[in-house]
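Residue strings, one per chain:
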Amino acid sequence: MLVGDKNYQSIWLDESDPSVVRVIDQQKLPFFFEIAELRSVDDIYNAIRNMTIRGAPLIGAAAAFGIYLATLEITNTTNIRLHLENAARYLTSCRPTAVNLSWAVNYVTDRLDPGLPPNLLSSAALESALSICEKEKNNCMAIGKSGLPILEAISAGKKGEPVNILTHCNAGWLACIDYGTATAPIYLAHNSGIPVHVWIDETRPRNQGAMLTAWELGQAGVPHTLIADNTGGHLMQHGMVDIVMVGCDRASAKGDVANKIGTYLKALAADDNKIPFYSALPSSSIDFGISNGLEEIPVEERDPEEITSVSGFLRGKIESVRICPENTPALNFGFDVTPAKYITGLITEKGICKASRKDIKEMFSDKFN
Ligand code: MRU
């Protein structure tokens, strides 16, 4: 996507030095546009853990590059099979909820023959990591095309008034490789002249909506308004929301969706107000091996300090301030699970399907044994 007048992806390999993976530092946005250089498995692990890079598809792609960087660390005394197994286990352990992480690590390691000489192993690993990036870009563009007719249909009934879309967290191109998931139909609609307006949930505690989605939509010229997370229900009651579109970190085979904490509450409000609620996701975010999302999806618990403090921009610097009395106990779950019954549909690269085992199996039959 364009940043200023230059096209960017969220992650890429440095042309001049293939041992360096470059990413947009999402901890600095929207205040600074900085590129971080990742040169080791540890760099990738830390960048995912501390959320320099975040968002399910991007976490997957980064982990894939992590396996590639692990092959560059092989010396002639390295037990290659053990080294790759350790790197895979380590990378897969850095965040538990987004299934793309383990999917991507397995995708690369399944294509690596430890018996190969290190240089061939590295090119095989790089080829797999780059193909994951290409796949996810194509998936997001296809998700855009799958979701566009939904916005067109709503727009047709709005007599030129904008389609009001509520979104939660950042499921944009920064969270993917390009185009985004929930944002892909929005960008396509906007670029094709369909009037749209996006209500952006700030998305406490890390404010991905306020910091990243607002920045993305601003760059693309898409009309938007930032709201407190607790405002969406009120807007829905007053007819100010036509549709809710969110991303997904892990969907179960029967259509339960894990996404940023707070998504479930938006689904409940949408259901109560009969507003369509869609989750946009590539099939790499579907865990075909699990059924009951509430019981089987691991929900990340993060540092309570993310709750007790908030970061922002002050006198030219990014500062963090405490927002409660010192030593206030806090609990910080990063995600929640929206049961399939509250989801109008899943917007995928293969089209829109109902959030049910039957429909998901029909659309992704090759993924079911
Ligand atoms: O904690 P984050 O920022 O990684 O959470 C991200 C989300 O919940 C996104 O909605 C999800 O990963 C989909 S990204 C296309």
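Refer to the preceding data block for the structure.
Each chain carries its own residue numbering, running from 1 in the direction its sequence is written. Note on the predicted model: pLDDT of at least 70 is required for a residue's local features to be given, and 80 or more for side-chain atom pairs to be given and counted; whole-chain, interface and lining totals, by contrast, use all residues. Only hydrogens and water are removed before side-chain values are computed, so all heavy atoms of the structure are retained for them.

Caption draft 1: Structural view of the sheet that holds strand β5 (residues 35–38). Ordered in space as β3-β4-β5, the three strands form an open sheet in which the pairing is antiparallel. The two strands at the open ends of the sheet, each matched to only one other strand, are β3 (11–13) and β5. Along the sheet, successive strands turn relative to each other by an average axial angle of 25°, direction set aside. Relative to strand β4 (residues 21–24), β3 runs antiparallel, the two being bridged by three bridges. Bridge pairing in β4 places I11 opposite V23. Pairing between two strands is assigned when DSSP locates at least 2 bridges connecting them. Helical segments are the DSSP runs of H or I of at least four residues, strand segments are the runs of E of at least two, and each set is numbered from the N terminus. Working convention: axes come from line fits to C-alpha atoms, limited for helices to the stretch in contact. Angles between N-to-C directions cover 0 to 180 degrees.

Caption draft 2: Geometry of the pattern of salt bridges. Only one rule defines a salt bridge in this text: a Lys or Arg side-chain nitrogen within 4 Å of an Asp or Glu carboxyl oxygen. One pass over the full model with this rule turns up 19 salt bridges. Here D256 ties to K254 by a salt bridge, and the two come within 2.8 Å at their closest N and O atoms. Burial classification: accessible surface area is computed with a 1.4 Å probe over protein chains only, and a residue below 20% of its type maximum counts as buried, one above 50% as exposed, and the rest as partly exposed. Taking the relative accessible area as the measure of exposure, D256 reaches 3% and is therefore buried. A salt bridge links E300 to R302; the shortest N-O distance between them is 2.9 Å.

Caption draft 3: Local environment of the environment of D249. Inspection of the secondary structure assignment puts D249 in the loop between β9 (243–246) and β10 (250–252). The exposure class of D249 is buried, given its relative accessible area of 8%. With 194 residues separating them along the chain, D249 and G55 place their C-alpha atoms 7.6 Å apart. Two residues form a contact once any of their heavy atoms are found within 4.5 Å. Setting aside chain neighbours within four positions, we find D249 in contact with A56, T97, A98, V99, N100, A258, N259, K260, S285 and F335.

Caption draft 4: Layout of the packing of aromatic side chains. Any two rings among Phe, Tyr and Trp, with Trp reduced to its six-membered ring, count as a pair given centres within 6.5 Å; such a pair is stacked if its planes are under 30 degrees apart, edge-to-face if over 60, and tilted if neither. Inspection of every chain in the model, using the stated rule, returns eleven aromatic pairs. Ring centres of W103 and Y107 lie 5.5 Å apart, and the angle between their planes is 35°; on these two criteria the pair is classed as tilted. Of the two residues, W103 and Y107 both sit in helix α4 (residues 100–109), four residues apart, roughly one turn of that helix. Grouping aromatic residues by their ring pairs yields a cluster made of Y8, W12, F33, W173 and W215. Geometrically, a lysine NZ or arginine CZ counts as sitting over a ring once it is within 6 Å of the ring centre and also within 35 degrees of the ring normal. In this arrangement the basic side chain of R111 is found over the ring face of Y107, its NZ or CZ atom lying 3.6 Å from the centre. Positioned above the aromatic ring of F335 is the side chain of K260, whose terminal nitrogen or guanidinium carbon lies 4.1 Å from the ring centre.

Caption draft 5: Region of interest: the pairing of strand β12 (residues 277–280). Neither face of β12 is left uncovered, since the one carrying F277 and S279 and the one carrying Y278 and A280 both have all their residues buried. Sheet topology note: the β9/β12 ladder contains three bridges and is parallel. Of the residues in β12, the one forming a bridge with M245 is Y278. Here three bridges tie β12 to strand β17 (residues 345–348), and the two strands are oriented parallel to one another. Bridge assignment links Y278 to a residue of β17, and that residue is G345.

Caption draft 6: Highlighting empty space enclosed by the protein. A cavity here means a set of 1 Å grid points, computed over protein atoms only, where a 1.4 Å probe fits but cannot escape. A pocket is an open set with protein on both sides within 12 Å along at least 5 of 7 lines, and lining residues have an atom within 4 Å of a point. Grid points are joined across faces, edges and corners, and a volume is the space filled by probe spheres set on the points. On inspection of all chains with the given rule, the structure shows two cavities of 30 Å³ or more. By volume, the largest cavity amounts to about 180 Å³. Along the wall of the largest cavity there are 22 residues; nearest its centre are R54, G55, A56, N170 and D249. Contributing elements (two or more residues each) for the lining of the largest cavity: α2 (56–72) and β11 (257–260). Per element, the largest residue contribution to the lining of the largest cavity is three residues, and it comes from α2. Under the grouping applied here, Gly and all other residues not named as nonpolar or charged are polar, the nonpolar ones being Ala, Val, Leu, Ile, Met, Phe, Trp, Tyr, Cys and Pro and the charged ones Asp, Glu, Lys and Arg. Taken together, the residues that form the lining of the largest cavity break down as eleven nonpolar, seven polar and four charged. If you add up the space inside the second largest cavity, you get close to 60 Å³. Lining the second largest cavity are M51, R95, P205, R206, Q208, K260, I261, R302, E306, N332, F333 and G334. Residue composition of the lining of the second largest cavity, by class: four nonpolar, three polar and five charged.

Caption draft 7: Seen up close, the nonpolar core. The nonpolar core is taken to be a set of buried Ala, Val, Leu, Ile, Met, Phe, Trp, Tyr and Cys residues, with the residues joined through side-chain atoms within 4.5 Å. Membership of the largest hydrophobic core comes to 46 residues, with the highest contact counts inside it found for I11 and F65. Contributions of two or more residues to this core are made by β3, β4, β5, α1 (41–49), α2, α3 (80–92), α4 and α5 (118–156). Look past the residues within four positions of F65 in its chain and what remains in contact with it is I11, L13, V21, I44, L126, A129, L130 and C133. One finds V3, L29, V196 and V198 within the second-largest nonpolar core, a separate group that totals 34 residues.

Caption draft 8: Region of the structure containing the state of the cysteines. Here, a disulfide means two cysteine sulfur atoms that sit within 2.5 Å of each other. A full pass over the atoms with the stated rule returns zero disulfides. Residue C94 stays outside any disulfide, its sulfur separated by 16 Å from that of C133, the closest cysteine. Since its relative accessible area comes to 1%, C94 is described here as buried.

Caption draft 9: Structural view of the site of the ligand. Here a residue is near a molecule or strand as soon as one of its heavy atoms is found within 4 Å of it. Taken together, 18 residues form the shell around the ligand, and within it R54, R95, D249, N259 and K260 come nearest. In the analysis that follows, any N or O atom pair within 3.5 Å is treated as a polar contact, provided that within protein one partner can donate a hydrogen and the other can accept it, and provided that, for residues neighboring in sequence, both atoms belong to side chains. For the ligand, an oxygen atom lies 2.8 Å from a polar atom in the side chain of R54. Here an oxygen atom of the ligand sits 2.9 Å away from a polar atom, N or O, in the main chain of A56. Bound to the protein, the ligand loses 100% of the 420 Å² it would expose on its own. If over half the atoms of a molecule are within 2 Å of the grid points of a cavity or pocket, the molecule is regarded as sitting in it. A molecule is said to occupy a pocket when more than half its atoms come within 2 Å of that pocket's grid points, and by this definition the ligand occupies the largest cavity. Of all the elements in the fold, those that place two or more residues in the shell around the ligand are α2 and β11. Here the accessible surface of atoms and residues is derived via Shrake-Rupley with a 1.4 Å probe, and residues count as covered only by protein chains that are part of the display.

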